[in-house]
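These are the residues of each chain, in order.
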Amino acid sequence: MKRNTILLSALLVTLPSVSWADELNDSIYKSYELEQVVVTGTRTPKLLANTPVLTKIITSDDIAKSDATNLRDLLQQVMPGVEFSYAMNQQVHMNFSGFGGQSVLILVDGERLAGETMDDVDFTRLLMDNVDHIEIVGAASALYGSNAAGGVINIITKKNIHPFSLNLNMRLGKHNEQRYGLNAQLKQGKWSNLLTINRGKADNYNVQNGDHPITRVVSTIYGDATWNIKEQLSYTPNDKLSLSGRAGYFFRQLVRTTATPERYRDFTGGLRGVWTPTEADNFELTYAFDQYDKSDYQRIAKIDVRDYSNVQNSFRLLYNHNLKGGDVLSVGADYMHDYLLNVNLEGRTRKQDSFDAFTQYDWNINEQWEAVGALRYDYFSDGHISRVTPKISLRYQPIHNLNLRLSYGMGFRSPTLKEKYYNFDMAGIWIVEGNPALKPEVSHNFSLSTDYTHGHYNYTLTAYYNRIKDKLATGAPYYKRASDLIPHLPYLNLGGYSVCGGEASAQARWSNGITARLSYAYTDEHLPKDKNNNSVNNQYIPARKHAMTGHIDWDHQFVKNYGLNIGLDGRFLSSVDNQEFVDYYDISKGIRTIHYPAYALFKLAIVQRFSKSVKLSVALDNLFNYKPEYYYLNCPLTDGMNLQVGLSVDVDKLFKF
């Protein structure tokens, strides 16, 4: 494992270097400085190299080379500080540099998503087929409110830029994995339309564990069947006004028991209007609807029984005013009505209204210095919770290709309706109890970063420290009464939690067609202690301290109608220890330390291009046939090498419409 990781590192550092004078038109400097525009860090369009808020970008090129199906597949392949773990029923939980589900806000074109399981969104609904790029920023509660204390992941979808295009694609893999996609664009006059349809499926399969596992393991990996349909219609009457509407439907079925398959649905829609009356003023008004449902289908009775529904209706108004010298003033407000039906809630249904107002000033002090200050007020009707959160960011650019950034932001997370009113018997292990008296979680987040671009190379170094007060989590299980057969696991506020870490990355692009990237992340979580100086039993498995991802590919166009890309991806995660109960059905047996081993995975992909319309891909995922000895809840869900074969056809280019 170590040898494979060292080999990947060596490939990056031993490739040929070039001088500044040899910089090419497609160099990293140009792509960073001139081409990539980001919006998440400041809510205003800025060049990536000039944004005062450090923003990580997963580009359209990165997404295409990864061939990822959904957001989970993509993040764990390209982001070293991200890991996914599982519950016994394989519901998915994300650890994002020490922060989990409810503290990391996932957006699609700036809009929130309804629904959660294990405090996370349904990652299978976030497909990559219609994604242009992804922007990732650190703590951003001052701009995005509750749930953004640990960061924001904003998925930016593709916009219609072609008069007509039609792409059909497919991929086949192990365990009857099938993926089919259709992307159609049509633009005529002032109207444009973008339609995306995706169908996927994979079978269940069994895995073999070694003898005498020391903690919980899974023996069956569950597949699923999905449909995902998205439609976007835009109308631009003139250069000052643009209007758009969107609608989407998602369906997923998962079969753990043949008689009662689980079903997950999402219905989404929205309207957006952007008005630019002058060169200095911009108004944006949006409405978003999202409904996420869960149900159990009883095959014999042919009844679909819904036991969960989360419905969100939200409105946003944003105003940006550009002043002399490049300064920008932003003012905005949001309103959201949140409805939750859950058979495990007290009273089954709960409702909440939330309101916020925020302002931000982007001050370009001079050619070298830039400062951004933001302030936000949030109000939640359930419990009448309110909070003011500030943020300030500084950027210093001593030379044109070097940036130094310093940032402080206060994080804020209001307790969810689930955390307040949940009451659930978790498979006879314990009863998870909500707590209406929960206080908001407040954090103080500091970050320091630098990035340097020279010719074909870009280097980024980041360090951060987050201190959290009244962290929202489950505590230690206890028996309320001597007669209780099952302990209770309450939600409560924990104190003394912190996480610090850093990330280093280097990437390069050369004129010989080789592109390479190497990233390393360090994460150190400090959990609260009990009266015996033992760490409080973690709700989820903690972050691994060391993680690394690497990518290298070679691209060459041999002749006009034939090109080739060969790519290798690698991912390494260090071991991690966690304190867990010896027997979850008898907590009196106490706690022991569980050691989860390190592992590394590699993927080799070959893509052949025929003319400008056909791509044929072959990939060996899990190249070295890694199989966990024990399928613990944070191990990769793989039973060995997976041969994947894909085909993509641009029909419009094939027939030259």
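Further up the page is the structure itself.
What this report covers is the structure whose coordinates are included nearby.

About the thresholds
Residues numbered from 1 in each chain as written. Predicted model: local features only at pLDDT ≥ 70, side-chain atom pairs only at ≥ 80, totals over all residues. Heavy atoms only, no water. Buried < 20%, exposed > 50% of the residue type's maximum accessible area, 1.4 Å probe, protein only. Helix = DSSP H or I, 4+ residues; strand = E, 2+ residues; numbered from the N terminus. Arc of directions from axis to C-beta. Polar contact = N/O pair within 3.5 Å; in protein donor to acceptor, adjacent residues only side chain to side chain. Phe/Tyr/Trp six-rings, centres within 6.5 Å; stacked < 30°, edge-to-face > 60°. Salt bridge = Lys/Arg side-chain N within 4 Å of Asp/Glu carboxyl O. Pairing = 2+ DSSP bridges. Contact = heavy atoms within 4.5 Å. Axes fitted to C-alpha atoms, helices over the stretch in contact; angles between N-to-C directions.

Turning to helix H4 (residues 71-78), a few remarks are in order. Listed as buried for H4 are Leu71, Leu74, Leu75, Gln77 and Val78. Seen along its axis, H4 keeps its buried residues to an arc of 165 degrees; they face one direction. Two to three positions downstream of the cap, the backbone nitrogen of Arg72 sits 3.2 Å from a side-chain oxygen, assigning the N-cap of H4 to Asn70.

Below, the discussion takes up the packing of aromatic side chains. This model, assessed by the stated rule, comprises 21 aromatic pairs. Pairing Trp554 with Phe558 gives two aromatic rings, centres 6.1 Å apart and planes at 80 degrees, and the pair type is edge-to-face. Residue class for Trp554 comes out partly exposed when judged on its relative accessible area of 29%. For Phe558, a relative accessible area of 44% corresponds to the partly exposed category. Taking the centre distance of 5.9 Å and the plane angle of 20 degrees together, the rings of Tyr599 and Tyr626 count as stacked. Of this pair, Tyr599 sits in strand S37 (residues 599-610) while Tyr626 sits in the loop between strand S38 (614-621) and strand S39 (642-650), placing them 27 residues apart in sequence. With relative accessibility at 5%, the residue Tyr599 sits in the buried group.

A word on the pattern of salt bridges. Within this structure, the stated rule accounts for 37 salt bridges. Close ionic contact of Arg216 with Glu580 constitutes a salt bridge, the shortest N to O distance being 3.8 Å. Highlighted residues: Arg216 in the loop between strand S13 (205-206) and strand S14 (220-221) and Glu580 in strand S35 (residues 576-581), separated in sequence by 364 residues. The exposure class assigned to Glu580 is buried, which follows from its relative accessible area of 1%. Note that Arg395 is salt-bridged to Glu370, the shortest N-O span being 3.0 Å. Linking Arg395 in strand S23 (residues 385-396) with Glu370 in strand S22 (residues 369-380), this pair joins segments that are 25 residues apart in sequence. The two residues Arg395 and Glu370 agree in class, both being buried. When salt bridges with common partners are traced through the structure, they connect Glu111, Arg272, Glu284, Arg316 and Asp334 into a single cluster.

A word on the sheet that holds strand S4 (residues 82-86). The antiparallel open sheet is built from three strands, whose spatial order is S4-S5-S6. Each edge of the open sheet is held by one strand with a lone partner, namely S4 and strand S6 (99-100). Sheet topology places S4 next to strand S5 (residues 92-96); five bridges connect them, and they run antiparallel. Across the sheet, residue Ser85 finds its bridge partner in S5, namely His93. Across the sheet, H4 touches S4 and S5, and the angle it forms with S4 is around 130 degrees.

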